[in-house]
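Reading the structure
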Amino acid sequence: MISLFDRLKGFYSEHPPAHSLWSSTMSFLRTVLNDSVIIHPPGFYIIGFQTFPYISVYFIFLAFVYVVTVVFNSLVICIIAFNHCLHTPKFLAVVNLAVIDVFLNTCTIPSMVKIFLVKDNFIPFNLCFVQMFFYYVFGTLESYALAILAYDRLIAICFPLHQNSINTLRSMSCIVGLTWSFALGIIAFSTSIMTQLSFCNSLRVFSYFCDYAPVFRLACNDYSMQWSLASLLTFLLLVGPFTFILLSYITILVTVFRMKSLDSRLKALATCVEHLILVAVFYIPLITIFTIGFYLRLIDPDQRVLSLSLASCLPPCVNPIVYSLKTKEIKTRALALVRKNKIATDQPNSKPWRVVQKKKVFTP
């Protein structure tokens, strides 16, 4: 019986437009065979953005966003990596965010351009779960990276005398390593349990990538465990870090208003403005969309997909421009690098010096 499924999968992978025939065949087999048989299709069809007439313009814009994301975050990574004086806990957190930003947009934007501009919307079964895994790993890490930056501000403002002993390079490395280990582990588990589902009905995923909830809703067996885990992870990976950031800034505000000097208050708050912008850009749209779109279902599906794609793709592009490159130390070294390159390009154009030897005059 296993060989029968393998042959069917081989046939439908060679004939991807026949997904409706696949659905009817699998529904029939599902009724004939017992409930323990797990049916995996050759792949899925991504079908978001159906009601927008000029959606190709949006994907050209996202391609530009991707280029900006890679260029500016790579610049931040290079500046920090090649300047030993920036090898501090704060800039370890900054470079961690930059690396995550590059990978997060790499997981989705090239795939979206292929699906919706090239019109190749079929994604193989295994590749679908690979994309799902990496997207949610780096989405989780983005959330925790912003919480780590809030922790850095908390220690710097509330415990300035003990900052060097509390927030060391070793402790920051441990925090970053723990968030990576946790994200990889929890997302690997949540993705692996998706393989326990049978997909014998529709293969059309209404999203802009192989999204977790739209995929498990296509299953024809019980997906209550996947639904419960998705709800738990929403709070654990989004609401948890966001709550920590809110509590951190409440503590920071209490500390700032206890300062006697107005100038000291303004300086302390000025160091938090850019980070607060990043937090607002990342968390507010995502929490709103997940709450209203997935749980209350009050948003039109196409509008939800458009809003969620913007909320996922814009923060990695905005982060280096608003936060990293505006940091005084990085800005100074970036400008020094630009001046150095300008001097190097100007030198070949300058005329070479001529050495004129003075003739000796002999007098009798």
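Now for a description of the structure that goes with this document. In this text, all values refer to a predicted model and were calculated from it rather than measured experimentally.

Basis of the calculations
Residues numbered from 1 in each chain as written. Predicted model: local features only at pLDDT ≥ 70, side-chain atom pairs only at ≥ 80, totals over all residues. Heavy atoms only, no water. Disulfide = S-S within 2.5 Å. Helix = DSSP H or I, 4+ residues; strand = E, 2+ residues; numbered from the N terminus. Buried < 20%, exposed > 50% of the residue type's maximum accessible area, 1.4 Å probe, protein only. Axes fitted to C-alpha atoms, helices over the stretch in contact; angles between N-to-C directions. Parallel < 35°, antiparallel > 145°, perpendicular 65-115°, else oblique. Left-handed = near helix turned anticlockwise from the far one by under 90°. Contact = heavy atoms within 4.5 Å. Nonpolar A, V, L, I, M, F, W, Y, C, P; charged D, E, K, R; others polar.

1. Some points on the state of the cysteines
Following the criterion strictly, the structure yields two disulfides and no others. Each disulfide pairs two cysteine sulfurs, and for C128 the partner residue is C210, the sulfurs being separated by 2.0 Å. A torsion of -120° about the S-S bond marks the disulfide between C128 and C210 as left-handed. With a gap of 82 residues between them, C128 in helix α5 (residues 125-158) and C210 in the loop between β3 (204-205) and α8 (212-216) connect regions that are remote in the sequence. An identical accessibility class is assigned to C128 and C210; each is buried. A sulfur-sulfur separation of 1.9 Å characterises the disulfide bridge that pairs C200 with C220. Judged by the sign of its S-S torsion, about 140°, the cystine formed by C200 and C220 is right-handed. With C200 in the loop between α7 (169-192) and β3 and C220 in the loop between α8 and α9 (224-257), this residue pair connects regions lying 20 residues apart in the sequence. Here the disulfide map of the protein chain reads 1-3, 2-4, the bonded cysteines being numbered as they appear in the sequence. Of all cysteine sulfurs in the structure, the one in C158 sits closest to C272, which takes part in no disulfide; the separation is 8.9 Å. A residue is classified by how much of its surface remains accessible, and C272, at 3% relative accessible area, is buried.

2. So, the packing of helix α4 (residues 89-116) against helix α12 (residues 301-322)
Viewed as axis vectors pointing N to C, α4 and α12 meet at an angle of 140°, and their least axial separation amounts to 9 Å. Here α4 lies oblique to α12, going by the angle between them. Where α4 crosses over α12, the handedness of that crossing is left-handed. For the pair α4 and α12, contact is made by L97, D101, L104, N105, T108, I109 and M112 and by S309, S312, C313, P316, C317, N319 and P320, respectively. Residue classes in the contact of α4 with α12 are distributed as eight nonpolar, five polar and one charged.

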